[in-house]
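Fold and geometry: a report
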Amino acid sequence: MAVIPSTEADVKLLARLMRAEAEGDGELGMLMVGNTGVNRVRGDCIDFTDINTIRDMVYQSPGGFEATQKGYFYQRAREKDIRLARKTIKGTRYHPASNSLWFFKPSGDCPEQWFGQWNTGRYKSHCFYSPTRSDCPSVY
């Protein structure tokens, strides 16, 4: 059962985002990006109070994803990417992105905080950041 509403087009859109943002970090890295996206739709907090769909989340501006500005994002979703997107939409979570609302790829170490949010860990090239439970209980 899905934790957020989605159409087949939404699943493919999330799959394309996951691939474009984290393909270099392998399937687990892509799943973590998916967790972050799903959490933004679930969150209804902080920067994500008006994010109600996968489409809203992917194209949020400001605060959206850099990958949407690159040609690679616009390639058709592959079956393996769609399979991964379905996992995250069903609510499967992967640490350190379990409750994250943000991630980025620093040139060095992960800062302890990013825009006032605490680092929950790093996976390969991406650092993940989660709100506190009191700031955003719906992602916990």
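Scroll up for the structure.
Residues numbered from 1 in each chain as written. Predicted model: local features only at pLDDT ≥ 70, side-chain atom pairs only at ≥ 80, totals over all residues. Heavy atoms only, no water.

**Describing the sheet that holds strand β4 (residues 126-130)**
To be explicit about the condition: When DSSP finds two or more bridges between two strands, those strands count as paired. In DSSP terms, a helix is any run of H or I states spanning at least four residues, a strand is any run of E spanning at least two, and both are numbered starting from the N terminus. Should any heavy atoms of two residues lie within 4.5 Å, those residues are considered in contact. Axes, fitted as lines to C-alpha atoms, cover a helix only where it is in contact. Angles between the N-to-C directions of the axes lie from 0 to 180 degrees.
Strand order in the open sheet made by the 4 strands is β1-β4-β3-β2, with antiparallel pairing throughout. Two strands in the sheet have a free side with no partner beyond their single neighbour: β1 (102-104) and β2 (113-114). Of the strands in this sheet, β1, β3 (117-123) and β4 are in contact with helix α2 (residues 26-43), which crosses β1 at around 145 degrees.

**Notes on the state of the cysteines**
Heads up, the rule is: In what follows, a disulfide is any cysteine sulfur pair within 2.5 Å.
Counted under the stated rule, the structure contains 2 disulfides. With its sulfur 1.9 Å from that of its partner, Cys-110 forms a disulfide with Cys-127. As the torsion about the S-S bond is roughly -85 degrees, the Cys-110-Cys-127 disulfide counts as left-handed. In this pair, Cys-110 sits in the loop between β1 and β2 while Cys-127 sits in strand β4, placing the two residues 17 residues apart along the sequence.

**Some words on the environment of Glu-66**
Note the cut-off: Residue exposure (1.4 Å probe, protein chains only): buried if accessible area is under 20% of the type maximum, exposed if over 50%, otherwise partly exposed.
Along the chain, Glu-66 falls in the loop between α3 (54-58) and α4 (79-89). Among the residues examined, Glu-66 registers a relative accessible area of 53% and is labelled exposed. For the pair Glu-66 and Glu-21, spaced 45 residues apart in sequence, the C-alpha to C-alpha distance is 8.0 Å.

**Side note on α4**
Selection criterion: To obtain the arc, one takes the directions from the helix axis to the C-beta atoms.
Along α4, the residues that are buried comprise Asp-81, Ile-82, Leu-84, Ala-85, Thr-88 and Ile-89. Around the axis of α4, the buried residues are gathered within 160 degrees of arc, so they sit on the same side. Turning to α4, the residues buried within the fold contact α1 (8-22), α2 and α3. Positive backbone phi, at 100 degrees, marks Gly-91, one or two positions downstream of α4.

**Some thoughts on empty space enclosed by the protein**
The line we're drawing: Detection works on a 1 Å grid of protein atoms alone, calling trapped sets that fit a 1.4 Å probe cavities and calling open sets with protein on both sides within 12 Å along at least five of seven lines pockets, with lining residues defined by an atom within 4 Å of a point. Grid points are joined across faces, edges and corners, and a volume is the space filled by probe spheres set on the points.
Under the counting rule described, the total for this entry stands at 1 cavity of 30 Å³ or more. Considered as a void within the structure, the largest cavity measures approximately 50 Å³ in volume. As for the largest cavity, its lining consists of Val-3, Asn-35, Val-38, Asn-39, Arg-42, Thr-88, Gly-91, Thr-92, Arg-93 and Ser-98. Residue contributions to the lining of the largest cavity peak at 4 residues, all from α2.

**Digging into the side chain of Arg-16**
Here is the rule: Here a polar contact is taken to be a pair of N or O atoms separated by no more than 3.5 Å, where protein atoms must pair a possible hydrogen donor with a possible acceptor and residues adjacent in sequence count only if both atoms sit in side chains.
Looking at the element boundaries, Arg-16 is found in helix α1. At a separation of 2.9 Å, a polar atom in the side chain of Arg-16 contacts the main-chain carbonyl oxygen of Phe-73. With near-sequence residues (within four places) excluded, Arg-16 lies in contact with Tyr-59, Phe-73, Tyr-74, Gln-75, Arg-76 and Ala-77.

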